[in-house]
Amino acid sequence: MGGESVAHLVPHYSNLLVTRTLSKAHSLAGFRVGYAVLPEALADDLNFHNDAYPLARPSQAAALATLLREDKIRDRAVQLRAWAEQLAAEPLQ
């Protein structure tokens with residue numbers, strides 16, 4: 001299922017957890033932010049036993065701003081892939 005989201009399956013499985021990082025695709029490397037799609041009961045259990053570090057406010061702000069502009073992120077990814085293909089096709093000098 002590479003490259004395909006399975007988040008739509010979450011309501012059908014009580015133990016399914018789908019995660020996504022915002023590091024590379026959203027240019028937030030170093031911010032260590034992402035999100036998960038999971039059943040509420042599983043989220044409650046994980047939050048109750050969570051010993052992870054808190055999310056810094058600048059990281060949270062950057063993640064929210066990115067998610068609000070997902071269309072621009074997708075457009076940028078298409079452009080970057082096209083540039084990479086163009087560079088790969090150019091002969092070495």
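Residues numbered from 1 in each chain as written. Predicted model: local features only at pLDDT ≥ 70, side-chain atom pairs only at ≥ 80, totals over all residues. Heavy atoms only, no water.

A.B. asks: Honestly, helix H2 (residues 57-67) in this entry has me stumped. Any pointers?
C.D. replies: Note: α-helices contain 3.6 residues per turn, so residues at a spacing of three or four share the same orientation. Within the span of H2, buried status applies to Ser59, Ala62, Ala63 and Thr66. Looking down the long axis of H2, one finds its buried residues gathered within 100° of arc, a one-sided arrangement. Residues of H2 that are buried in the fold lie against helix H3 (70-89). (Buried < 20%, exposed > 50% of the residue type's maximum accessible area, 1.4 Å probe, protein only. Helix = DSSP H or I, 4+ residues; strand = E, 2+ residues; numbered from the N terminus. Arc of directions from axis to C-beta. Contact = heavy atoms within 4.5 Å.)

A.B. asks: Got a minute to help me understand the nonpolar core in this structure?
C.D. replies: Note on soluble globular proteins: their nonpolar side chains tend to be buried together. With 5 residues, the main nonpolar core is built from Leu22, Leu28, Val33, Ala62 and Ala63. Aside from chain neighbours lying at most four places away, what touches Ala62 is Leu28 and Phe31. (Core = buried A, V, L, I, M, F, W, Y, C linked by side-chain atoms within 4.5 Å.)

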